[in-house]
Amino acid sequence: MTDSKYFTTTKKGEIFELKAELNSDKKEKKKEAVKKVIASMTVGKDVSALFPDVVNCMQTDNLELKKLVYLYLMNYAKSQPDMAIMAVNTFVKDCEDPNPLIRALAVRTMGCIRVDKITEYLCEPLRKCLKDEDPYVRKTAAVCVAKLHDINAQLVEDQGFLDTLKDLISDSNPMVVANAVAALSEIAESHPSSNLLDLNPQSINKLLTALNECTEWGQIFILDCLANYTPKDDREAQSICERVTPRLSHANSAVVLSAVKVLMKFMEMLSKDLDYYGTLLKKLAPPLVTLLSAEPELQYVALRNINLIVQKRPEVLKHEMKVFFVKYNDPIYVKLEKLDIMIRLASQANITQVLAELKEYATEVDVDFVRKAVRAIGRCAIKVEQSAERCVSTLLDLIQTKVNYVVQEAIVVIKDIFRKYPNKYESVIATLCENLDSLDEPEARAAMIWIVGEYAERIDNADELLESFLEGFHDESTQVQLQLLTAIVKLFLKKPTETQELVQQVLSLATQDSDNPDLRDRGYIYWRLLSTDPVAAKEVVLAEKPLISEETDLIEPTLLDELICYIGTLASVYHKPPSAFVEGGRGVVHKSLPPRTASSESTESPETAPAGAPPGEQLDAVPTQGDLLGDLLNLDLGPPVSGPPLAASAVQMGAVDLLGGGLDSLIGAPSFVAPPAAAVPANLGAPMGSGLSDLFDLTSGVGTLSGSYVAPKAVWLPAMKAKGLEISGTFTRQAGTISMDLQLTNKALQVMTDFAIQFNRNSFGLAPAAPLQVHAPLSPTQTVEISLPLSTAGSVMKTEPLNSLQVAVKNNIDVFYFSTLYPLHILFVEDGKMDRQMFLATWKDIPNENEAQFQIRDCPLNAEAVSSRLQSSNIFTVARRNVEGQDMLYQSLKLTNGIWVLAELRIQPGNPSFTVRRPLPPKAPGPLPSCPHACPGWGRPWWGGVGWGIHPGVKKHQDSDLRKLQLSPIKCLR
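Here is what the cut-offs are and how they apply
- Residues numbered from 1 in each chain as written.
- Predicted model: local features only at pLDDT ≥ 70, side-chain atom pairs only at ≥ 80, totals over all residues.
- Heavy atoms only, no water.
- Helix = DSSP H or I, 4+ residues; strand = E, 2+ residues; numbered from the N terminus.
- Buried < 20%, exposed > 50% of the residue type's maximum accessible area, 1.4 Å probe, protein only.
- Contact = heavy atoms within 4.5 Å.
- Salt bridge = Lys/Arg side-chain N within 4 Å of Asp/Glu carboxyl O.
- Pairing = 2+ DSSP bridges.
- Axes fitted to C-alpha atoms, helices over the stretch in contact; angles between N-to-C directions.
- Parallel < 35°, antiparallel > 145°, perpendicular 65-115°, else oblique.
- Left-handed = near helix turned anticlockwise from the far one by under 90°.
- Disulfide = S-S within 2.5 Å.
- Phe/Tyr/Trp six-rings, centres within 6.5 Å; stacked < 30°, edge-to-face > 60°.
- Arc of directions from axis to C-beta.
- Polar contact = N/O pair within 3.5 Å; in protein donor to acceptor, adjacent residues only side chain to side chain.
- Core = buried A, V, L, I, M, F, W, Y, C linked by side-chain atoms within 4.5 Å.
- Domains from an automatic or database assignment.
- Expected span 1.5 Å × (residues − 1).
- pLDDT = per-residue confidence, 0-100.
- Patch = residues over 30% accessible without salt bridge, like charges linked within 9 Å, V, L, I, M, F, W, Y side chains within 5 Å.
- Areas by Shrake-Rupley, 256 points an atom, 1.4 Å probe, with all protein chains shown as cover.
- Lys, Arg positive; Asp, Glu negative; His and termini not counted.
- Charge placed at Lys NZ, Arg CZ, Asp CG, Glu CD.
- Nonpolar A, V, L, I, M, F, W, Y, C, P; charged D, E, K, R; others polar.

Colleague: Can you help me understand the overall build of the protein chain in this one?
Modeller: From N to C terminus, the protein chain includes 39 helices and 15 strands. Every one of the 974 residues in the protein chain was classed for burial, and the buried ones make up 51%. Considering only contacts within the protein chain whose residues lie at least 6 apart along the sequence, 67% involve residues at least 24 apart.

Take a look at the structure:
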């Protein structure tokens, strides 16, 4: 009869009977009683009252009975700690038993009894078992050290068990090595600061030797340990890869994924030029393909890991597209994952078969899968330009099926194709408009409205189409309402004479009848733009839109690198770092790929990260125009395009008084006095020390004769205003490179990650030249120093004061804004020394009334020291002469936007005060003549961003399409 009989009893008074049987003299009866006790305990009955009687049964030679008693002890020792001590002597005695199975059983049980009173008695038996002659006992004792460390870490360290555990890595038995590695890894994860696994080439060699002989789970422990090691060079990385590669053919999928993790990490250090690199890529594909023949649950785990691998190295599986084709009996979660990977692997070489497959999927019965398949066709068009026409044709065929949800998904993706390829496929708009009545999903309706508004000039009845949407305006979702508002304003700007009533109606609905703040704010902005400046409205609403990215759902590169280090774990399935789903700090270790060697190339494929992407795209949600609250319109139209083309505009600013309020503060004013700290507005942070006195090192800066002046760091964003994030910083210019030197301090109680930065438009086009790289999460109380390179190719807009900079910083908590002043000498370029003849001619051409003088006091330097000090900040002495005992220095400097500044510096030896004379900038043009039609702002000079010029009102009178604009509050703009 089987042991199931012990679970079927329903007798009353059972405890009393069991107690009698446990104290029986007959061994068999005693054994039967213990089995009944374990059965009762298993089904949830409380048999803790029998604790003393069960403990008495420990004194036996019967191994089966001893195992049962130990099982009972592990379960009830915590609730009966005082009585558990009764068993200690038996444990100690069993640890010296001749039978290694009993020795191992005793030390394992003692490790599982989590009672503080017992741990001190465990130390001596554990020490003996760690040096036992039998490897089975040693491997059991190794795991016991980790359990004991979890109960009392200090005791383990005091007893020297950690050193003994490290010694076991050199053990002759591979299973002992594997368990020692597993124990040390677990302890290291709970105490990341302790350097327990101090791996070196010798210990790595021992681990690799043990790898071939231990069990499959032992191999996983060793491979995970290898993945935490950083080889000293590419030769060592290649050697380790060669010895790990055979694990790819293992039958256990966990071993395969652990081996893939090691290889993916160490490939980062290998040069792509090596023959071995190509061989390794070929070897990685077959085991990953084999994983897809397992049961669906394992397939899903494998596919989630493959998704990461394909994003990092698409070349690994570029020839294996067919294995990701969907099977009819695949569960939906496997189908969707395969579909995602197919798009990532799509290229010009395989796009034909991919499209044929996707078109087939679009006729399936599973609605969710069909929707994803249609979207996938659109993603193919955006990713592979050569296939765009074929994709559009496929989508049109699907629209002809008249299946409602297929039509709606097709319209959504065609909108994206229009954004990617403007003025190329607009001929299909007529077909789309035929299906207007069948659209009932918000996203599809919004997409169709966008198409009608964007191409209103090509659609004869665009006003009728949009008016049909307007009839049920308040019943539409917010997404549709916002899109409808923008589309009708676009239509009005393109056909003003025909749509005045329509635009008035939608603005009224959005601003007066709506309680949605987003819709109302956008409506007011449009209304005011159209009322006061239709030309500006055209420039804003009909601005050229940036092309959409070909891969919008790629994992951020830093996170991807971290997830590659977690292949084969839950993090690789969630596509989130462990810190995102593991509570508390225990067991969370932030990992990253090893640095690339000089010989290796960037592994980033053009398919995974488009080259030249502006850093601003990393922070789409942060406002970049207007005031610090952001420009609501900008959120609709996408981030502004910034890049080298704007540099041309910046150069044209030579005629503008860029010196006003900006450079004056650098080289003083007619009555120059160094401003006190309180003179700077609170919201601008501490003064940056932008006066010429700072260049002479009269303040607390760190300027030296050998380098440009650097102001001391000031607090730009206090922690109390940024939810615990404090930002201090300064600006530097070294070797022609402008940098923002930041100090980030986490004064909150949570970890900060996912940092990004963006600048608002400013007078000199300062913008980040690279993303803000904070390589490790910022823990509470931690401070990190970062040098952010800057460029002057960003968007230009005059600011007051001229050298003010508005900054947005984003992290996982929120987006924070602050303003600061940058010292203008960081904009002085290295080729700012003007030719002497040109200097003389230019100086003579400047009228006397355009000159200003001021003094710099308390500067003890002589002429040579002054010239040298200023030259280190790119203020060059063109000529020097002595007149009546005074040293005259004639100096020039050039700003990054091409503006030259000339100055004369008079130095009287022995006098600590200097006199500076410089030309004033040209005056701005006078007011324009008054407008007979009273156009707003007509009589004021106008700052157009590239120079003084004619007010936009002049252009209004030449724009016949807008002559009859009649929107309150301005009624006559003719």
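Colleague: I would appreciate a short explanation of the pattern of salt bridges in the present structure.
Modeller: Side chains that differ in sign of charge can pair as their charged atoms come close. Considering all chains together, one arrives at 33 salt bridges under this definition. Between Asp-887 and Arg-880 there is a salt bridge, and its shortest N-O distance comes to 3.8 Å. Residue classification places Arg-880 among the partly exposed residues on the basis of a relative accessible area of 44%. Three or more residues are tied together by salt bridges with common partners; here these are Arg-371, Arg-375, Glu-409, Glu-441 and Glu-443.

Colleague: Help me understand the environment of Ile-38, please; the structure alone is not making it clear to me.
Modeller: Locating Ile-38 in the fold gives a position in helix α2 (residues 27-42). Sequence separation between Ile-38 and Tyr-72 is 34 residues; the distance between their C-alpha atoms is 6.7 Å. Ignoring sequence-local partners within four residues, the contact set of Ile-38 consists of Leu-68, Leu-71 and Tyr-72.

Colleague: What should I look at first to understand the sheet that holds strand β7 (residues 804-810) in this one?
Modeller: Strand pairing in a sheet relies on backbone hydrogen bonds. The paired strands run either parallel or antiparallel. Read across the sheet, three strands follow the order β4-β7-β8 without closing on themselves; strand pairing throughout is antiparallel. Sheet topology places β4 (756-759) and β8 (815-821) at the edges, where each strand pairs with a single neighbour. Between one strand and the next, the sheet's axes are offset by a mean angle of 25°, whatever the strand orientation. Where β4 meets β7, four bridges bridge the pair, whose relative direction is antiparallel. Bridge pairing in β7 links Ile-757 to Val-809.

Colleague: Hey, could you run me through the packing of helix α26 (residues 462-470) against helix α28 (residues 500-511) in this one?
Modeller: The angle between the axes and the distance between the axes are what describe a pair of packed helices. For the pair α26 and α28, interaxial distance at closest approach is 11 Å and the crossing angle is 25°. When the interaxial angle is binned, α26 and α28 end up roughly parallel. For α26 against α28, the interelement crossing comes out left-handed. Packed against α26, whose contacting residues are Asp-463, Glu-467 and Leu-470, the element α28 presents Leu-502, Gln-505, Val-506 and Leu-509 at the interface.

Colleague: What is the right way to look at the state of the cysteines in this model?
Modeller: In a disulfide, the sulfur atoms of two cysteines are covalently bonded to one another. If you walk through the whole model with that rule in mind, you get zero disulfides. Of all cysteine sulfurs, the one in Cys-129 lies closest to Cys-95, which takes part in no disulfide; the gap is 4.4 Å.

Colleague: Any chance you could explain the sheet that holds strand β5 (residues 767-768) here in plain terms?
Modeller: Across the sheet, which stays open at both edges, the five strands sit in the order β1-β2-β3-β6-β5 with antiparallel pairing between neighbours. Sheet topology places β1 (714-717) and β5 at the edges, where each strand pairs with a single neighbour. Where β5 lies against strand β6 (residues 783-791), two bridges are found, and the strand directions are antiparallel. Paired with Pro-768 across the strands is Leu-790, a residue of β6.

Colleague: Which parts of the structure should I look at to understand the packing of aromatic side chains?
Modeller: The description of an aromatic ring pair uses the distance of the two centres, along with the angle that the planes make with each other. What the rule picks out here adds up to twelve aromatic pairs. Measuring from centroid to centroid gives 5.3 Å for Trp-716 and Phe-731, while their planes differ by 35°, and the two rings are tilted. Residue Trp-716 is found in strand β1, and its partner Phe-731 is found in strand β2 (residues 725-734); the two are separated by 15 residues along the sequence. According to the relative accessible area criterion, Trp-716 is buried, its value standing at 4%. Taken together, the ring pairs in this structure connect Trp-716, Phe-731, Phe-818 and Tyr-822 into an aromatic cluster.

Colleague: Can you help me understand helix α38 (residues 863-871) in this one?
Modeller: A turn of α-helix holds 3.6 residues, and therefore any two residues three or four places apart point the same way. Ala-863, Val-866, Ser-867, Arg-869 and Leu-870 are the residues of α38 that are buried. For α38, the arc enclosing every buried residue in end-on projection is 165°, short of the 170-degree limit, so these residues lie on one face. Where α38 starts, the residue carrying a side-chain oxygen 3.3 Å from the main-chain nitrogen of Glu-864 turns out to be Asn-862.

Colleague: Please clarify how unusual backbone geometry should be interpreted in this entry.
Modeller: Negative phi values dominate among residues other than glycine, just as trans dominates among peptide bonds. The linkage connecting Glu-800 with the following residue, Pro-801, adopts the cis geometry, with an omega of -10°. By secondary structure assignment, the location of Pro-801 is in the loop between β6 and β7. With a phi close to 60°, His-575 is a non-glycine residue in the positive phi region. Its location among the elements puts His-575 in the loop between α32 (570-574) and α33 (632-637).

Colleague: Please clarify how the nonpolar core should be interpreted in this entry.
Modeller: One broad rule of soluble globular proteins: the nonpolar side chains tend to lie buried together. Within the largest apolar cluster, 211 residues are counted, with the highest numbers of intra-cluster contacts made by Tyr-72, Leu-73, Leu-126, Leu-358 and Phe-418. Tallying contributions element by element places helix α27 (residues 478-494) first for this core, with ten residues. Residue contributions to this core reach at least three from each of two domains, namely domain 1 (346-438) and domain 2 (441-532). In this structure, Ile-738, Leu-778, Val-807 and Ile-826 belong to the second largest nonpolar core, which totals 46 residues.

Colleague: Just checking my understanding: could you explain helix α4 (residues 63-76) for this structure?
Modeller: Look at α4: 20 Å from first C-alpha to last across 14 residues, which is about the 20 Å you get at 1.5 Å a residue. The complete set of buried residues in α4 reads Leu-65, Lys-66, Leu-68, Val-69, Tyr-70, Tyr-72, Leu-73 and Tyr-76.

Colleague: Help me out: how do you make sense of the confidence of the model for the protein chain in this one?
Modeller: Per-chain confidence: the protein chain averages 76 in pLDDT, with 79% of residues scoring 70 or above. Scored below 50 in pLDDT, residues 598-706 shows 239 contacts in the model against residues more than four places distant or in partner chains. For residues 921-974, every residue scores under 50 in pLDDT, and the model assigns this stretch 84 contacts once sequence neighbours within four places are set aside.

Colleague: Even after reading the chapter, I still don't get the pairing of β2, so can you show me in this structure?
Modeller: Along any regular strand the residues' side chains alternate between the sheet's two faces. β2 sits mainly inside the fold: nine of its ten residues count as buried. For β1 and β2, the ladder comprises three bridges, and the chain directions are antiparallel. Within β2, the residue paired with Val-715 across the bridge is Ser-728. Of the pairings in the sheet, the one linking β2 to strand β3 (residues 737-746) comprises ten bridges and is antiparallel in character. When the sheet's bridge partners are listed, Phe-731 is paired in β3 with Met-740. Turn length for the β2-β3 hairpin, with the two strands adjacent in sequence and antiparallel, is two residues, and the turn residue Ala-735 shows positive phi of about 55°.

Colleague: Just checking my understanding: could you explain a negative patch on the surface for this structure?
Modeller: Together, Glu-464, Glu-467, Glu-471 and Glu-501 give the surface a local cluster of negative charge. Structurally, Glu-467 is set in helix α26. According to the relative accessible area criterion, Glu-467 is partly exposed, its value standing at 41%.

Colleague: What exactly am I supposed to notice about the environment of Thr-820 here?
Modeller: With respect to the helices, strands and loops of the structure, Thr-820 is situated in strand β8. Accessibility expressed as a relative area gives 0% for Thr-820, which makes it buried. Sequence separation between Thr-820 and Leu-805 is 15 residues; the distance between their C-alpha atoms is 5.4 Å. Within the structure, Thr-820 has its side chain in polar contact with the side chain of Trp-716 (distance 3.1 Å).

Colleague: Looking at this structure, I do not really get the packing of helix α8 (residues 116-130) against helix α9 (residues 135-151). What am I missing?
Modeller: At a minimum axis distance of 10 Å, the contact between α8 and α9 shows a crossing angle of 150°. Between α8 and α9, the interaxial angle falls into the category roughly antiparallel. In this structure, α8 crosses over α9, and the sense of that crossing is left-handed. Facing Asp-116, Thr-119, Leu-122, Leu-126, Cys-129 and Leu-130 of α8, the residues of α9 in contact are Val-137, Arg-138, Ala-141, Ala-142, Cys-144, Val-145, Leu-148 and Ile-151. Across the contact of α8 with α9, the residue classes break down as eleven nonpolar, one polar and two charged.

Colleague: Even after reading the chapter, I still don't get the side chain of Thr-799, so can you show me in this structure?
Modeller: Positionally, Thr-799 belongs in the loop between β6 and β7. Taking the relative accessible area as the measure of exposure, Thr-799 reaches 12% and is therefore buried. Engagement of the side chain of Thr-799 in a polar contact is seen with the backbone oxygen of Pro-801, the distance being 3.0 Å. Ignoring anything within four residues of it in the chain, the contact list for Thr-799 reads Arg-761, Asn-762, Ser-763 and Ser-804.

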